[in-house]
Structures are given as structure tokens and as C-alpha cells.
Amino acid sequence: HYEKALGLELEGFTQHTFDEIEAALPYYARVVSDGSIRTNQPAETAAEIKAVFPRGTLEPRLYQLTKTLRTLGMRCNKSCGLHVHFDMRNRTAEEVLKIAKRADKWVKALQELVPMSRRDQHYCKFGISASGNDRYKAVNFAAYHKYKTLEIRLHSATFDYAKILSWIRLCELILAIR
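These numbers were taken from a predicted model, which means no experiment stands behind them. (Residues numbered from 1 in each chain as written. Predicted model: local features only at pLDDT ≥ 70, side-chain atom pairs only at ≥ 80, totals over all residues. Heavy atoms only, no water.)

Concerning the pattern of salt bridges
Item 1. Scanning the entire structure with this criterion turns up seven salt bridges.
Item 2. With a closest N to O distance of 2.6 Å, Glu-172 and Arg-55 form a salt bridge. Of the two residues, Glu-172 sits in helix α5 (residues 161-176) while Arg-55 sits in the loop between β3 (45-54) and α2 (58-71), which places them 117 residues apart along the sequence.
Item 3. For the salt bridge of Glu-59 with Arg-169, the shortest nitrogen-to-oxygen distance reads 3.2 Å. Linking Glu-59 in helix α2 with Arg-169 in helix α5, this pair joins segments that are 110 residues apart in sequence.
Item 4. Connected through salt bridges with shared partners, the residues Arg-55, Glu-59, Arg-169 and Glu-172 form a single ionic network. (Salt bridge = Lys/Arg side-chain N within 4 Å of Asp/Glu carboxyl O. Helix = DSSP H or I, 4+ residues; strand = E, 2+ residues; numbered from the N terminus.)

Dropping the structure here:
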């Protein structure tokens, strides 16, 4: 089980500018550029929304964030993903690697829940990443060395509150299995 916080990366695009997106976001979220996102039209802004939540406030804050992103007209396509970072600050690298290996065993089953476009594609290949140069794995252990998190990168992008929350809860269960 992870400790205290949860981070999300939600990838998509909109007609709004970076400044407009930034101004609309709550204080616990920010927008950054992401070169892997392909927009549908040249005038659209590709954006990765990064948000950090204390676990106890996840549901109401996630609901507000997804509502805001939908209001901004955020959309996604096959080039976009949803990445979840689980707080591992109070664990050793060895403990987190064991958790990552357990999570990786579930990836084959989890792939049945995501679209074909997310299955073993370049930015979420099957397996566990071990280094920063290899961070594009479904289970990103390399995130521990940089952020003290374990990242699950498998899900397709969405701005749907219920889908995101269901995915987080499923991943929480998997990470808690001994």
C-alpha cells in the first residue's frame, strides 16, 4: 500500500492556450508541454496536466479537476495517456521493486481493460522500467529514483471522473496484494 499522496498525469489537447489552461486549473495542478501528444488540428494546444492529491482529498479534487478540464474542452486521442504515480517516499528501492514486480504480473490482465492502442505501444511497453532511459514501461520503477513514486502508465487518456477513479482504485488493490 502506498503512503500519503497520489499524482496524475492527464494528456490531451484543447483550443485554449497554455495561459488559459493554467489560469483555470486549481492550485494542486499545473500544465506542461508534451511532445508525444498529437493534436487533431494545428491550432490546438497539446497539454499534459499534472496534479498531486493527498489521498484523503482525491475524490473531491479529482472531480473538480475533471470538471474544469471538460469545461476547457480538453480532448484526447490514441497518442494520449493517463499515468498514475503512487507515493513510495517511505519505502526502500528494494521494497518498491518488489511491489513493481507484483504489479507487472497483473499488466497482462489489465491490458484487457484498455484499448488496443495502449497495449505495448512505445510509451507504455510491457515490463518494468529500471532506469530513466527506460521509463516508458507500463510499470515505471524508474519514477522511484526521480520522484519517489511508482508509476502505472498503461491506461488510455480520459477526462472522465468515474473512469479515472475506478482505474486508481483498481491499481491500489493490485499494489496492496501480497
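Comments concerning helix α3 (residues 93-110)
Item 1. For α3, with 18 residues, the first-to-last C-alpha span of 24 Å sits near the 26 Å given by 1.5 Å per residue.
Item 2. When we look at burial in α3, the residues that qualify are Val-96, Ile-99, Ala-100, Ala-103, Val-107 and Leu-110. (Expected span 1.5 Å × (residues − 1). Buried < 20%, exposed > 50% of the residue type's maximum accessible area, 1.4 Å probe, protein only.)

Overview of empty space enclosed by the protein
Over the atoms a probe the size of a water molecule is rolled, and this reveals where empty space is left.
Item 1. The full count for this structure, using the stated rule, is one cavity of 30 Å³ or more.
Item 2. Space inside the largest cavity adds up to approximately 50 Å³.
Item 3. Taken together, Ala-103, Val-107, Leu-110, Val-139, Ile-152, Cys-171, Ile-174 and Leu-175 form the lining of the largest cavity.
Item 4. Taken together, the elements giving at least two residues each to the lining of the largest cavity come down to α3 and α5.
Item 5. The class makeup of the residues in the lining of the largest cavity is eight nonpolar, no polar and no charged. (1 Å grid on protein atoms, 1.4 Å probe; cavity = no way out; pocket = protein on both sides within 12 Å on 5 of 7 lines; lining within 4 Å. Points joined across faces, edges and corners; volume = space filled by probe spheres on them. Nonpolar A, V, L, I, M, F, W, Y, C, P; charged D, E, K, R; others polar.)

Details of the pairing of strand β1 (residues 5-14)
Item 1. Burial of β1 is extensive: ten of the ten residues sit out of reach of the surface.
Item 2. Of the two faces of β1, the one holding Ala-5, Gly-7, Glu-9, Glu-11 and Phe-13 and the one holding Leu-6, Leu-8, Leu-10, Gly-12 and Thr-14 are both buried throughout.
Item 3. Where β1 lies against β3, ten bridges are found, and the strand directions are antiparallel. Its bridge partner lying in β3, Leu-6 is registered against Phe-53.
Item 4. Where β1 and strand β4 (residues 82-87) come together, five bridges link them in antiparallel fashion. Bridging across to β4, Leu-8 finds its partner in Val-84. (Pairing = 2+ DSSP bridges.)

Some thoughts on the packing of α2 against α5
Item 1. Across the interface, α2 lies against α5 with an axial gap of 9 Å and an inter-helix angle of 140 degrees. In terms of orientation, α2 and α5 fall into the oblique class. When you trace α2 past α5, the crossing you get is right-handed. Of α5, the residues touching α2 (which contributes Leu-58, Glu-59, Leu-62, Tyr-63, Thr-66 and Arg-70) are Tyr-161, Ile-164, Leu-165, Ile-168 and Arg-169. (Axes fitted to C-alpha atoms, helices over the stretch in contact; angles between N-to-C directions. Parallel < 35°, antiparallel > 145°, perpendicular 65-115°, else oblique. Left-handed = near helix turned anticlockwise from the far one by under 90°. Contact = heavy atoms within 4.5 Å.)

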